[in-house]
Amino acid sequence: MRPAGLSAAILLASTFAASAADLPVKYKAPPPALWSWSGLYGGVNAGYSFGRDTVQEASVDLGGSQLLPGRVLPTGAIFGGQLGYNWQVGRWVWGLEGDVQWSGQRDTACGGVECIQNSNPEVGATVFRHDVQWFTTARGRIGLANGDTLLYLTGGAAWAGVRETTSVQRDDAIASLVVRNTVGGWVFGGGIEGRLAQSWTVKFEYLHLDFGTRTASGQISGFAGGVGLDVFERVNSHVTDNIVRIGVNHRLLDGAGMGVPQSDPAMMAWRWSGLYAGLNGGYGIGNNSFKEFNFIDPAIPPAVNELTHYISSFAPQKISPQGALAGGQIGYSWQFDRIVLGLEADAQWSGQKDTTCAMSCFVPGFVDKLTQQFNWFGTARGRLGLAERGYLLYVTGGAAFAEIEETDDFGTVSNFKRTKTGWVAGGGIEAWLMGRWTGKIEYLHADLGNISHTFPAINGGFVAAATQSSVRNDLVRIGLNYKLLD
């Protein structure tokens, strides 16, 4: 019986084996190819730029030779393209990148020596206009990759085409000095880049450019309405720029990676839903226009041909509080497939501050000064994002709050504080780092409305003085979040 049973078992096994051999083989897909950042890439980008140029003017016809400060704040859209090459060694990525950008940045500001619209109405003003028409950079990059996500720093050389116009008006006569320069300087910044699909990546990047100080000088002459103008004008301009842009790159040629790590499974499985909190730090640059008014004593009879019983700034003047900021945020996100909705609030200490000349800065003579600073800043915002393999590309917007402090020194010093409410909008990229930690880079633009302030007379003939100011702020910050609750 035992030999017969063994024979039967062998026969049965042979039959099953033969049948299995006839069955179709189930295909097993190979593991996904490991993504490497090595290789040649090219792409396009678009964004927004906010400059902060310091101008120092000396106008000889007013008896002054000392350079006095003013501000020009060129802002506008940018668009361009980039080409680069990366080398990846383990998680470290080294690269070279060049870009060329068209720029729509421009601004006109009044200030420096004087910006006076008299009540009769006589004018004594110098108006500056800066146009940044293009710029280009050549930079190195160093980054830390986590599979499909790259956090990097970048820096190198920069060049720009800048058109500077200085216009002088004395009563009815007006004339201009125009200088076109190709200026060179340096650039530094950072960003986050993430893979979208196949050979496509998307990046969010901030760059600060500094083109140093340039001097424009010359004789400015004009004649109108029987009024002659002949003045030697000297203007020093320190041109700086801040760029926030989003770009899309395509891999043109693969490179050889060394020890390319596989994506962490935790990153691939990361979900954005839940409660989180964290810290952030960054830099803020205000973009504020202001005008000064000196009201004449109503007991003094109007002058001949007087249109108004006050004098004021001839045109909007500019002040730009800048400085570091630091704070924290808390928020909650809900993820639906690849769509992420969220709410976030933050509070920031701010070191932003600036001082500039106001309506009159004669030398020798009377010097007006205005100082503005942001003491703190906060927002309450919604977020809408698109999630992809461990990173989140999002837009954000909502309410903004800040305390603005202003000091007016127009012979008499007046200081006041205002808490302002307005709106904020921006965007950024957030990426999974490790465990429950994520990192983000973010840009916000805030509009906090206007401030008006009146204070007592500053000298004989005036009963009061006043300033009217708009309050705008551009912030770039890096944040670190920890998920507290799924």
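Every value quoted in this text rests on a predicted model; they were computed, and no experiment measured them.

Chemist: Talk me through the pattern of salt bridges; I want residue IDs and the actual numbers.
Modeler: Where charged atoms from two side chains of opposite charge approach closely, those side chains can pair. Scanning all chains against the criterion turns up 28 salt bridges. Notably, a salt bridge pairs R381 with E344, separated by 2.5 Å at the nearest N-O pair. Of the two residues, R381 sits in strand β18 (residues 367–388) while E344 sits in strand β16 (residues 339–350), which places them 37 residues apart along the sequence. A residue is classified by how much of its surface remains accessible, and E344, at 3% relative accessible area, is buried. The residue R383 makes a salt bridge to E430 at a minimum N-O spacing of 3.2 Å. Placement of the pair is R383 in strand β18 and E430 in strand β20 (residues 413–434), with a sequence separation of 47 residues. Take R383 and E430: they sit in the same class, and that class is buried.

Chemist: Could you give me a rundown of the state of the cysteines, with the residues and numbers involved?
Modeler: Summed over the entire model, instances satisfying the criterion amount to one disulfide. Put simply, C110 and C115 are joined by a disulfide, and their sulfur atoms are 2.0 Å apart. Around the S-S axis, the bridge from C110 to C115 shows a dihedral of about 125 degrees and counts as right-handed. Taking relative accessible area as the criterion, C110 reaches 4% and is therefore assigned buried.

Chemist: Please provide a residue-by-residue account of a nonpolar patch on the surface, values included.
Modeler: A contiguous nonpolar surface patch, about 1,000 Å² in accessible area, is contributed by W87, V89, W92, W94, L96, I142, L144, L153, W186 and F188. Elements supplying a minimum of two residues to the nonpolar patch: β4 (75–89), β5 (92–117), β6 (123–146) and β8 (173–197). It is β5 that contributes the most residues to the nonpolar patch, three residues altogether. Here W186 lies in strand β8.

Chemist: Before we move on, could you go through empty space enclosed by the protein and cite the residues and values that matter?
Modeler: This structure, assessed with the given rule, holds five cavities of 30 Å³ or more. In this structure, the largest cavity encloses a volume near 90 Å³. Lining the largest cavity we find W270, W272, G274, Y276, S333, R383, E430, R436, T438, N481, Y482 and K483. When residues in the lining of the largest cavity are grouped by element, the largest group, three residues, is from strand β22 (residues 462–485).

Chemist: I'd like to hear about the confidence of the model for the chain, residue by residue, with values.
Modeler: As a general rule, the predicted coordinates of low-pLDDT regions are not to be interpreted in detail. Across the chain, pLDDT averages 85, with 86% of residues at or above 70. When pLDDT is averaged over each helix and strand of the chain, the minimum, 43, is found for helix α1 (residues 2–22) and the maximum, 98, for β16. Taken together, the stretch residues 1–32 has pLDDT below 50 and engages in zero contacts with residues farther than four places along the chain or on a different chain.

Chemist: Go over the packing of aromatic side chains with me, naming the residues and quoting the values.
Modeler: Enumeration over the complete set of coordinates arrives at eight aromatic pairs. Ring geometry for F293 against F295: centres 6.3 Å apart, planes inclined by 15 degrees, an arrangement best described as stacked. A residue is classified by how much of its surface remains accessible, and F295, at 27% relative accessible area, is partly exposed. Three or more aromatic residues joined by ring pairs form one cluster here, namely F293, F295 and Y310. One Lys or Arg, R141, reaches over the ring of Y152 and ends 4.4 Å from the middle of that ring.

Chemist: Any details on the nonpolar core? Residues and values, ideally.
Modeler: Ranked by size, the top nonpolar core spans 14 residues in total, and within it F374, F377, A400, A402, I404, L448 and V471 carry the most contacts. Secondary structure elements with two or more residues in this core: β18, β19 (391–409), β20, β21 (437–456) and β22. Sort the elements by how many residues they give to this core and β21 lands first, with four residues. Counting 13 residues, the second largest nonpolar core, distinct from the first, contains I192, F204, Y206 and I429.

Chemist: How would you explain unusual backbone geometry if you had to name every residue and give the values?
Modeler: With a phi close to 50 degrees, Q198 is a non-glycine residue in the positive phi region. Checked against the element boundaries, Q198 lands in the loop between β8 and β9 (200–224). Residues other than glycine seldom take positive phi values, yet D337 does so here, at roughly 60 degrees. Mapping D337 onto the fold places it in the loop between β15 (322–336) and β16.

Chemist: Break down the environment of E114 for me, citing the residues and quoting the values.
Modeler: As for its position among the elements, E114 is in strand β5. Only 3.0 Å separates the side chain of E114 from the side chain of R170, close enough to count as a polar contact.

Chemist: I'd like to hear about the layout of surface pockets, residue by residue, with values.
Modeler: Estimates place the volume of the largest pocket at around 680 Å³. In terms of lining, the largest pocket is formed by 38 residues, of which the most central are L153, G190, G191, I441 and I478. Considering only residue class, the lining of the largest pocket consists of 18 nonpolar, 16 polar and four charged.

Chemist: Let's hear about the side chain of T165: which residues, and what values?
Modeler: You can see T165 is positioned in strand β7 (residues 149–170). Classification of T165 by relative accessible area gives buried; the value is 10%. Excluding its chain neighbours within four sequence positions, the residues that come into contact with T165 are V127, F128, R129, S176, L177 and V178.

Rules behind the numbers
Residue positions within a chain follow its written sequence, with the count starting from 1. Note on the predicted model: pLDDT of at least 70 is required for a residue's local features to be given, and 80 or more for side-chain atom pairs to be given and counted; whole-chain, interface and lining totals, by contrast, use all residues. The side-chain numbers reported here are obtained from all heavy atoms of the structure, hydrogens and water having been left aside. Should a side-chain nitrogen of Lys or Arg be within 4 Å of a carboxyl oxygen of Asp or Glu, the pair is scored as a salt bridge. Strands are runs of DSSP state E lasting at least two residues, helices are runs of H or I lasting at least four, and both sets are numbered from the N terminus onward. Relative accessibility decides the category of a residue: with a 1.4 Å probe and only protein chains considered, values under 20% of the type maximum give buried, values over 50% give exposed, and everything between is partly exposed. Two cysteine sulfur atoms form a disulfide, by the criterion used here, when they sit within 2.5 Å. What goes into a patch is any residue over 30% in relative accessible area without a salt bridge, connected to like charges within 9 Å or, for nonpolar side chains (Val, Leu, Ile, Met, Phe, Trp, Tyr), within 5 Å. Accessibility throughout is a Shrake-Rupley quantity obtained with a 1.4 Å probe, and a residue counts as covered only by protein chains that appear here. Of the two site types, the cavity is a set of points on a 1 Å grid over the protein atoms alone where a 1.4 Å probe fits but cannot get out, and the pocket is an open set with protein on both sides within 12 Å along at least five of seven lines, each lined by residues with an atom within 4 Å of a point. Grid points are joined across faces, edges and corners, and a volume is the space filled by probe spheres set on the points. Predictor confidence is given residue by residue as pLDDT, running from a minimum of 0 to a maximum of 100. A contact between two residues is defined here by any heavy atoms of the two lying within 4.5 Å. By convention, a stacked pair of Phe, Tyr or Trp rings (six-membered ring in the case of Trp) has centres within 6.5 Å and planes under 30 degrees apart, an edge-to-face pair has planes over 60 apart, and any other such pair is tilted. Either the NZ atom of lysine or the CZ atom of arginine qualifies as a charge over a ring when it sits within 6 Å of the ring centre and within 35 degrees of the ring normal. Residues grouped as a nonpolar core are buried Ala, Val, Leu, Ile, Met, Phe, Trp, Tyr and Cys residues, joined through side-chain atoms within 4.5 Å. For the purposes of these results, a polar contact is taken to be a pair of N or O atoms within 3.5 Å, where, inside protein, one atom must be able to donate a hydrogen and its partner to accept one; residues adjacent in sequence count only when each atom of the pair is a side-chain atom. When residues are grouped by polarity, Ala, Val, Leu, Ile, Met, Phe, Trp, Tyr, Cys and Pro land in nonpolar, Asp, Glu, Lys and Arg in charged, and all others, Gly among them, in polar.

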